[in-house]
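Per-entry structural report
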Amino acid sequence: MEEFRRSYNRLCEESGAEPQEAVLQQLHQLPKGGLDLTTQSLTVETCRALGKLLHKETLLKELVLSDCMLSEEGSTLLFQGLCANTSVQHLDLKGNNLRATGAEALGKLLRQNKSIQSLTLEWNNLGTWEDAFATFCGGLAANSALRQLDLRNNQISHKGAEELALALKGNTTLQQLDLRWNNIGLLGGRALVNCLPSNRTLWKLDLAGNNVPGDILRAVEQAMDHNQDRLTAFRENQARTKILSKEVQHLQEEKSKQFLDLMETIDKQREEMARDSRASAVRVGQLQEALNERQSIINALKAKLQMTEAALALSEQKVRDLGELLVAGDQERQSLSQRHEKERKLERQEAANRESKLLRDLSAANEKNLLLRSQVDELERKARSQQEQLFLTKQELTNTSAELKIRAIQAEERLDVEKRRAKQNMEDLEKLHSKEVDHMTRHLEESERAMQERVQRLEALRLSLEEELSRMKAAVLSERGQAEEELIKARNQARLEEQHRLAHLEEKIRLLAQARDEAQGTCVQQKQMVAESQARVSQLNLQMEGQQRRLEELQQELINKDQEKVAEVARVRVELQEQMGRMQADLVAQEALREKVAALERQMKVIGSEHREALLDRESENASLREKLRLKEAEISRIRDEEAQRASFLQNAVLAYVQGSPLRALSPPK
């Protein structure tokens, strides 16, 4: 965050303005992920620098600018910087007196920004200018990131509520909307109620302090409960889908583990076969080396035999040579020849013995070689048997896969049977629901006829009440008390009927839930059917919503029939608005007087150094003017309170009468 502070100083120096000390202190104490500038009066240069910094800032998650008294230009510069920001999620603009330009800049911000999820706009004047507020509502309709919006105390009228209703029809992400302490009234409340059936994401809407009738508030609460139930059902479906996906993934992992284990066993068998083959090859190599050594020994013995034969030939040659020389000594020659022959015979016998021994060793080596070859053949037979076992295991694997396919086909057949059974149940439920709708329509027609009769009687009673209202106010008050008692009785009776109807509907819902639980219980063993059953349940919910929308349309028709009575209320409201206009004119005159006093004070400050004595006189005059102004303000506030009290009495009487007429129609005639 030190980099943020240095960038702020650099931008202020580039623009030729001094950085604000309060802002520097807040930046020095800046917590991680948030910037809080509450109650800091931000200048236009500071707003320009902050807008440029927020254009590229990616670390801030929360920006608090409450009670900063932002100017039109400063707020526009800040919102321009936030348009391209992708990190700020929570924006607080409470108590900044934002007007037309601020509302238009906020509409552009909501249209372009994709990260802000929570926006607080309490204690501003966005609803005073209808065109600018319409621009703001257009940005809200195009926004796809905002989850929570606070518009308390923003002077929003019924026309602003209609613009908000159009925005809520197009918005698909807003979940919480706070509209407390505005001027929405009956028409604005009806516009909001009419837009709620087309909005499926908003589950919290506060309308307290807006002079909205109780039936509209109850309709809003029912719509919010319906959206909240839909949201909880959607979350439950998501959780179930995650659980089922985890189970399917777990089964796939188990199957993959089994397949990997099988492949590991096959690989181990192959490795054992390879080790056996390598060991047999090593043994054959060793035997071949021994055989080669024996062959080398035999070759050496043959070489010695050849050397002895060569020596023998040389000796014979010497004998022949000496025979010619030793003719004289025949006896010695004969004796020598006999001795040589004996030695030669002995040598030949020894060579024969050695050759026979070597031949025996060679035969033994050949026998060992045959044994080793037989062992090698046996190892090859074992390898072939293992290959046959591997082929058998592969065949078993194909057989198991075929069995699994057959089981899958059987499961699909069972699934078709369950589908037909569920379809039959759905047809039965639709028939039962159509009967209930017919019964409800008949009941509504009867109640409508009774309501028309009651309206006629109440019209006559209204004429008499108007005559009595013109004669005396006390009689009106007593009559209003009686009307309130009747209204309480009618409300109690309507509440009881609504409770009975809700109990009946809850019983039907419980029966439907039991049927759904039974269907789910039958589908537990076949996990592949879960997604289709959920789709079926969602279709049932859509059908139920369609029927509920049909009931709401019928209720809307009944409300349209009350618009004739609303015209009278509108006339009274026009009179009240005229009185409020006169009061506002008085307020404007008071503001003009205040501006004149401020101008006089500034003029007195300019010439104060030259005319001190005149300043004392002017101060006394100023004090007298302030006293008169205070008295005037007290008188105006008293008149305003009296007019407001009178208007509230009249409005409460008319609203009690108007609200009581459709509710009394439900009560039995006295």
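Residues numbered from 1 in each chain as written. Predicted model: local features only at pLDDT ≥ 70, side-chain atom pairs only at ≥ 80, totals over all residues. Heavy atoms only, no water.

Thoughts on the overall build of the protein chain
Along the protein chain, the regular secondary structure elements total 14 helices and seven strands. Sequence-distant contacts, at least 24 apart, represent 83% of the contacts inside the protein chain between residues at least 6 apart. A total accessible area of about 44200 Å² is found for the protein chain, and carbon and sulfur atoms account for 53% of it. (Helix = DSSP H or I, 4+ residues; strand = E, 2+ residues; numbered from the N terminus. Contact = heavy atoms within 4.5 Å. Areas by Shrake-Rupley, 256 points an atom, 1.4 Å probe, with all protein chains shown as cover.)

Description of the confidence of the model for the protein chain
When pLDDT drops low, the exact placement of atoms in the prediction is not to be read closely. In this model, the protein chain carries an average pLDDT of 81, and 89% of its residues clear a pLDDT of 70 or more. In this model residues 662-670 is a low-confidence stretch, pLDDT under 50, and it forms 22 contacts with partners more than four residues away in sequence or in other chains. (pLDDT = per-residue confidence, 0-100.)

Some words on unusual backbone geometry
Positive phi, normally seen in glycine, also occurs at Gln155, with a value near 55°. As for its position among the elements, Gln155 is in the loop between β5 (148-150) and α7 (158-170).

Some remarks on the pattern of salt bridges
Counting across every chain of the model gives 12 salt bridges. Salt-bridge contacts for Asp150 lead to Arg152; the nearest nitrogen and oxygen are separated by 2.7 Å. We note that Asp150, like Arg152, is buried. One salt bridge in this structure joins Arg638 and Glu642, with 3.2 Å as the shortest N-O distance. Of this pair, Arg638 and Glu642 both sit in helix α14 (residues 612-664), separated by four residues, roughly a single helical turn. (Salt bridge = Lys/Arg side-chain N within 4 Å of Asp/Glu carboxyl O. Buried < 20%, exposed > 50% of the residue type's maximum accessible area, 1.4 Å probe, protein only.)

Remarks on the state of the cysteines
Scanning the entire structure with this criterion turns up zero disulfides. Between Cys47, a cysteine without a disulfide, and Cys68, which holds the nearest cysteine sulfur, the sulfur-to-sulfur distance is 8.2 Å. (Disulfide = S-S within 2.5 Å.)

Considering the nonpolar core
If you look at the biggest cluster of nonpolar residues, it comprises 69 residues, and the most contacted ones within it are Leu93, Leu121, Leu149, Leu151 and Leu179. If we ignore the near neighbours within four places in the chain, the residues touching Leu93 are Leu65, Leu70, Phe79, Leu98, Leu106, Leu119, Thr120, Leu121, Glu122 and Asn124. (Core = buried A, V, L, I, M, F, W, Y, C linked by side-chain atoms within 4.5 Å.)

Considering α7
Taking 1.5 Å as the rise per residue, α7 with 13 residues should run 18 Å; its terminal C-alpha atoms sit 19 Å apart, in good agreement. Where α7 is buried, its residues touch α6 (130-142), β6 (176-178) and α8 (185-195). (Expected span 1.5 Å × (residues − 1).)

Structural notes on the sheet that holds β6
Ordered by their spatial adjacency, seven strands build an open sheet running β1-β2-β3-β4-β5-β6-β7, and the pairing between neighbours is parallel. Of all strands in the sheet, those bounded by a partner on one side alone are β1 (34-36) and β7 (204-206). On average, each strand axis in the sheet is tilted by 0° relative to the strand beside it, whichever way the strands run. Where β6 and β7 come together, three bridges link them in parallel fashion. Its bridge partner being in β7, Gln176 is matched across the sheet by Lys204. (Pairing = 2+ DSSP bridges. Axes fitted to C-alpha atoms, helices over the stretch in contact; angles between N-to-C directions.)

Looking at the layout of surface pockets
Its boundaries defined by the atoms lining it, the second largest pocket holds a volume of some 1300 Å³. Along the walls of the second largest pocket sit 32 residues, with Asn183, Asn211, Leu576, Gln577 and Met580 positioned nearest its centre. For the lining of the second largest pocket, the per-class residue count stands at 13 nonpolar, 16 polar and three charged. (1 Å grid on protein atoms, 1.4 Å probe; cavity = no way out; pocket = protein on both sides within 12 Å on 5 of 7 lines; lining within 4 Å. Points joined across faces, edges and corners; volume = space filled by probe spheres on them. Nonpolar A, V, L, I, M, F, W, Y, C, P; charged D, E, K, R; others polar.)

Digging into the packing of helix α4 (residues 72-83) against helix α5 (residues 100-112)
Contact pair α4 / α5: the axes reach a minimum separation of 9 Å and the direction vectors enclose 0°. What the angle tells us is that α4 and α5 run roughly parallel. Of the residues in α5, those in contact with Glu72, Ser75, Thr76, Phe79, Leu82 and Cys83 of α4 are Thr101, Gly102, Ala105, Leu106, Lys108, Leu109 and Gln112. Taken together, the residues that form the contact of α4 with α5 break down as six nonpolar, five polar and two charged. (Parallel < 35°, antiparallel > 145°, perpendicular 65-115°, else oblique.)

Considerations on the environment of Gly188
Mapped onto the secondary structure, Gly188 falls in helix α8. When the C-alpha positions of Gly188 and Asn211 are compared, they lie 10.0 Å apart, and in sequence the two are 23 residues distant. When residues no more than four places from it in sequence are discounted, the contact partners of Gly188 are His158 and Ala161.

Re the side chain of Asn113
Among the structural elements, Asn113 can be located in the loop between α5 and β4 (118-120). Reaching out from Asn113, the side chain makes a polar contact with the backbone oxygen of Asn85 at a distance of 3.1 Å. In contact with Asn113, not counting residues within four places along its chain, are Leu82, Cys83, Asn85 and Asn143. (Polar contact = N/O pair within 3.5 Å; in protein donor to acceptor, adjacent residues only side chain to side chain.)

Considering the packing of α5 against α6
Two elements in contact, α5 and α6, have axes whose closest approach is 7 Å; the angle formed by their N-to-C orientations is 10°. The angle between α5 and α6 falls in the class roughly parallel. Between α5 and α6 the crossing geometry is left-handed. Judged by residue contacts, Ala100, Ala103, Glu104, Leu106, Gly107, Leu110 and Arg111 of α5 engage Ala132, Phe133, Thr135, Phe136, Gly138, Gly139, Leu140 and Ala142 from α6. Class assignment of the residues belonging to the contact of α5 with α6 gives a composition of nine nonpolar, four polar and two charged. (Left-handed = near helix turned anticlockwise from the far one by under 90°.)

Some remarks on a nonpolar patch on the surface
Together, Phe259, Leu260, Met263 and Leu397 make up a nonpolar patch on the protein surface, roughly 350 Å² of accessible area in all. For the nonpolar patch, the element with the most residues is helix α9 (residues 214-325), which contributes three residues. Its location among the elements puts Leu397 in helix α10 (residues 330-471). (Patch = residues over 30% accessible without salt bridge, like charges linked within 9 Å, V, L, I, M, F, W, Y side chains within 5 Å.)

A look at a negative patch on the surface
On the surface, a cluster of negative charge is made up of Asp261, Glu264, Asp267, Glu271, Glu272 and Asp276. Locating Asp276 in the fold gives a position in helix α9. (Lys, Arg positive; Asp, Glu negative; His and termini not counted. Charge placed at Lys NZ, Arg CZ, Asp CG, Glu CD.)

So, α5
Spanning 13 residues, α5 covers 19 Å between terminal C-alpha atoms, matching the ideal 18 Å at 1.5 Å per step. At its buried positions, α5 is contacted by α4, β3 (90-92), β4 and α6.

Some details on the side chain of Ser75
Among the structural elements, Ser75 can be located in helix α4. A residue is classified by how much of its surface remains accessible, and Ser75, at 0% relative accessible area, is buried. Those residues in contact with Ser75 that sit more than four places away from it in its chain are Leu70, Leu98 and Gly102.

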